[in-house]
Amino acid sequence: MKKTAVLATSLAAVFAATLLTTPALADDFPSAITVSGEANISAAPDLAQIDAGVANDAKTAKEASDANNAAMGKVLLALKGAGIAEKDYQTSRLSLQPQYGQNKSTGASPVVGFRASNRVTVKIRDVTKVAGIIDTLVSAGANDIGNISFEVTQASKLLDDAREQAIVDARRKAEIYAKATGVTLGAPLSVTEGGGPVPLFKGRMAAPMAASPQAAVAPGEETLSVTVNVSWAIKQGQ
């Protein structure tokens with residue numbers, strides 16, 4: 001019994017000594033100011049992409065398909081004649097679907113014909129030519145045009161510039177907080193990035209008609225955004 005009491009006393013003494021010599025847990029974590037920096041860069045798009053299609057109806061599947069192939073052939077020739085490289089247009093959808101009628105006496109839906117459709121996606125590397133290309137497509141027989149979009153092809157370089165600006169913005173904010181709290185900034189402890197380019201800006205296009213003036217297209221601008229979170233070590237005093 002006596003030995004047990006001595007052992008308990010010794011352990012208590014060791015535990016007390018440890019508390020006196022070990023720094024507080026909070027001291028293991030550096031003091032820091034954490035802020036977010038933001039930067040936005042706008043740029044005019046230099047690449048456009050549109051979808052154009054032709055659809056043909058006929059009594060038989062073969063007639064619809066033949067008519068559609070001939071129509072799309074004219075569209076592709078028109079693109080080539082307008083200076084669009086073959087690598088910049090690609091078939092995006094091809095379909096042949098039966099068309100159903102209504103038999104009022106029996107309630108059945110008999111096949112009354114077929115519709116063949118073909119769509120092509122076109123890249124236009126000079127956005128000033130978008131309206132002209134649309135008119136060329138319509139004149140060649142395209143009767144379904146839409147899904148127009150614009151983009152900046154050098155987005156990576158612009159984003160690098162935005163990242164630098166975001167860091168500058170983060171430091172500016174951190175220095176305001178440091179001054180207000182009576183400390184000075186040290187070295188950055190961590191930098192993380194969030195966000196990125198916003199979705200591609202979708203241009204507005206008036207519905208083109210074969211006999212109408214040139215199609216109205218507004219490329220607008222694309223905005224690229226970057227957000228960074230930076231933690232700065234701080235020092236007491238200014």
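Undergrad: Which residues make up helix α4 (residues 155-181), and what values go with them?
TA: The end-to-end C-alpha distance of α4, which contains 27 residues, comes to 39 Å, matching closely the 39 Å that a straight helix rising 1.5 Å per residue would cover. Buried within α4 are the following residues: Ala155, Leu158, Leu159, Ala162, Ala166, Asp169, Ala170, Ala174 and Ala178. Check the buried side of α4 and you find it contacts β1 (32-43), β6 (183-194) and β9 (222-236). Within two residues after α4, Gly182 carries a phi angle of roughly 75°, on the positive side.

Undergrad: Explain the sheet that holds β6 to me, and be specific about the residues and the numbers.
TA: The strand order across the open sheet formed by three strands is β1-β9-β6, and the pairing between neighbours is antiparallel. The open sheet has two free edges, formed respectively by β1 and β6, since each of these has just one partner strand. Each strand of the sheet is rotated relative to its neighbour by a mean of 30°, with strand direction disregarded. Pairing geometry for β6 and β9, over nine bridges, is antiparallel. If you follow Pro188 over to β9, its bridge partner there is Trp232. Running over the sheet, α4 touches β1, β6 and β9 and is turned about 145° from β1.

Undergrad: Could you give an account of the environment of Val111, naming the residues involved and the relevant values?
TA: Within the secondary structure layout, Val111 lies in strand β4 (residues 111-124). By relative accessible area, which is 46% here, Val111 ends up partly exposed. Considering only alpha carbons, one finds Val111 and Pro98, 13 residues apart in sequence, at a separation of 6.3 Å.

Undergrad: Summarise the nonpolar core; cite the residues concerned and give the values.
TA: Core analysis: the largest hydrophobic core is formed by 25 residues, its most contacted members being Ile50, Val122, Val130 and Leu137. Sorting the residues of this core by element identifies β2 (47-58), α2 (61-81), β4, α3 (130-140) and β5 (144-151) as the ones contributing at least two each. Considering every element that reaches this core, the biggest residue donor is α3, with six residues. Residues Ala170, Val183, Val230 and Trp232 belong to the second largest nonpolar core, which totals 21 residues.

Undergrad: Please set out the sheet that holds β2 residue by residue, giving values where relevant.
TA: With antiparallel pairing, the four strands of this open sheet are ordered in space as β3-β4-β2-β5. The two strands at the open ends of the sheet, each matched to only one other strand, are β3 (89-100) and β5. If you compare each strand with its neighbour and ignore which way they point, the axes differ by 15° on average. Pairing of β2 with β4 involves eleven bridges; the strand directions are antiparallel. Of the residues in β4, the one forming a bridge with Ala58 is Phe114.

Undergrad: Before we move on, can you summarise unusual backbone geometry with the specific residues and values?
TA: In this structure, Asn147 is a non-glycine residue whose phi angle is positive, near 55°. Secondary-structure assignment places Asn147 in strand β5.

Undergrad: How would you explain the pattern of salt bridges if you had to name every residue and give the values?
TA: Under the definition given, this model contains ten salt bridges. Residues Asp57 and Arg115 are paired through a salt bridge, measuring 2.7 Å at the closest nitrogen-oxygen approach. Of this pair, Asp57 sits in strand β2 while Arg115 sits in strand β4, and the two are 58 residues apart along the sequence. Judged by relative accessible area, which is 38%, Arg115 ranks as partly exposed.

Undergrad: Account for α2, with residues named and values stated.
TA: Taking 1.5 Å per residue as the helical rise, α2 with its 21 residues ought to reach 30 Å, and the 30 Å between its terminal C-alpha atoms agrees with that figure. Within the span of α2, buried status applies to Ala64, Asn68, Ala71, Met72, Val75, Ala78 and Leu79. The arc that holds every buried residue of α2, seen down its axis, measures 110°, which confines them to one face. Opposite the buried face of α2, at more than 90 degrees from it, the exposed residues are Lys62, Lys74, Leu77, Lys80 and Gly81. Packing partners of the buried residues in α2 comprise β2, β3, β4 and α3. Positioned one or two residues after α2, Gly83 has a phi angle of 90°, which is positive.

Parameters at a glance
- Residues numbered from 1 in each chain as written.
- Predicted model: local features only at pLDDT ≥ 70, side-chain atom pairs only at ≥ 80, totals over all residues.
- Heavy atoms only, no water.
- Helix = DSSP H or I, 4+ residues; strand = E, 2+ residues; numbered from the N terminus.
- Expected span 1.5 Å × (residues − 1).
- Buried < 20%, exposed > 50% of the residue type's maximum accessible area, 1.4 Å probe, protein only.
- Contact = heavy atoms within 4.5 Å.
- Pairing = 2+ DSSP bridges.
- Axes fitted to C-alpha atoms, helices over the stretch in contact; angles between N-to-C directions.
- Core = buried A, V, L, I, M, F, W, Y, C linked by side-chain atoms within 4.5 Å.
- Salt bridge = Lys/Arg side-chain N within 4 Å of Asp/Glu carboxyl O.
- Arc of directions from axis to C-beta.

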